[in-house]
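# Coordinates in review
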Amino acid sequence: PLPGDAESFALYANNPKVAQNLRDRFPYPYTLPDAEGFLAMCTKEDETTHLTRVIDVDGKAVGCIGLSVLDDIYRKSAEIGYWLGEPFWNRGIMSEAIRRICAEGFERLDIVRIHAAAFAYNTGSCRALEKAGFAFEGVQKKSVYKNGQIYDARMYALIKMPYEK
């Protein structure tokens, strides 16, 4: 991410339909100071444990995607997280972004697995993961509490192939 991305980030992130599909730490309303703070944090990340990339369409930052390496016994795994501005949904943009960051993650990070927990009602996210090659692993029943409601999460994973010990 670049500092000049803040205005575009704030524009596309400030949407209740985007926030509904993300963790509570993603604020709504999403303001310009939120975007500036996020971008500043990204520039300080340790790229041996985090990869964060802007999703760019026609020179505008319209979303974000990242990998975070876990720790302890999960240190060979990373979690993927992402969001995309609503005008860009259902165009294959996210599936391509997922494929790209996973390829980069497997090349640059010391990991063999990338996983995601998509809210079960978020069929677009589930479809994007599946199109990017992630395998559905199961449902975590009643595991997500968002906006006063309890939802299931669908677990997906992508394993580095060939796996080397």
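Quick caveat: nothing in here was measured; it's all calculated off a predicted structure.

So, on to the pattern of salt bridges. Under the criterion given, the structure shown has 13 salt bridges. Put simply, Arg-53 and Glu-47 hold a salt bridge, and the shortest N to O gap is 3.4 Å. Using a relative accessible area of 22% as the deciding quantity, one classes Arg-53 as partly exposed. A relative accessible area of 34% means that Glu-47 is categorised as partly exposed. For Glu-96, the salt bridge goes to Arg-100, with nearest N and O atoms at 3.0 Å. Note that Glu-96 and Arg-100 are positioned in helix H4 (residues 93-108) at a spacing of four residues, about one turn of the helix. The class of Arg-100 is exposed, set by a relative accessible area of 58%. Counted as one network, the salt bridges with shared partners bring together Glu-47, Arg-53, Glu-104 and Arg-108.

Next up on the list: helix H3 (residues 32-43). Here H3 is twelve residues long and its end C-alpha atoms lie 17 Å apart, about the 16 Å a rise of 1.5 Å per residue gives. Those residues of H3 that sit buried are Ala-35, Leu-39 and Cys-42. Seen from one end, H3 has its buried residues packed into an arc of 55°, which puts them on one side. Where H3 is buried, its residues touch helix H1 (6-13) and strand S1 (50-57).

Here the focus is unusual backbone geometry. Following Tyr-28, the chain continues into Pro-29 via a peptide bond in cis, with omega recorded as 0°. Tracing the chain through its elements places Pro-29 in the loop between helix H2 (16-19) and H3. For Lys-142, which is not a glycine, the phi torsion comes out positive at approximately 50°. Note that Lys-142 resides in strand S5 (residues 135-146).

In this section: the nonpolar core. By size, the foremost hydrophobic cluster in this structure holds 46 residues, and its most contacted members are Ile-65, Ile-80, Trp-83, Met-94, Ile-98, Ile-114 and Phe-134. Element by element, the count of residues in this core is highest for H4, at seven residues. When neighbours within four sequence positions are excluded, Ile-65 is seen to be in contact with Leu-51, Thr-52, Arg-53, Ile-55, Ile-80, Gly-81, Tyr-82, Met-94, Ala-97, Ile-98 and Ile-101.

Glancing now at the pairing of strand S6 (residues 149-159). Bridge count for strand S4 (residues 113-119) against S6 is seven bridges, and the pairing is antiparallel. Looking across to S6, one finds that His-115 is bridged to Ala-157. Note: S5 against S6, eight bridges, orientation antiparallel. Counted as the bridge partner of Ala-135 is Ala-157 from S6. Between S5 and S6, which pair antiparallel one after the other, the connecting turn spans two residues, and Asn-147 there sits at a positive phi close to 50°.

Basis of the calculations
- Residues numbered from 1 in each chain as written.
- Predicted model: local features only at pLDDT ≥ 70, side-chain atom pairs only at ≥ 80, totals over all residues.
- Heavy atoms only, no water.
- Salt bridge = Lys/Arg side-chain N within 4 Å of Asp/Glu carboxyl O.
- Buried < 20%, exposed > 50% of the residue type's maximum accessible area, 1.4 Å probe, protein only.
- Helix = DSSP H or I, 4+ residues; strand = E, 2+ residues; numbered from the N terminus.
- Expected span 1.5 Å × (residues − 1).
- Arc of directions from axis to C-beta.
- Contact = heavy atoms within 4.5 Å.
- Core = buried A, V, L, I, M, F, W, Y, C linked by side-chain atoms within 4.5 Å.
- Pairing = 2+ DSSP bridges.

Nothing here speaks to function; it is all geometry.
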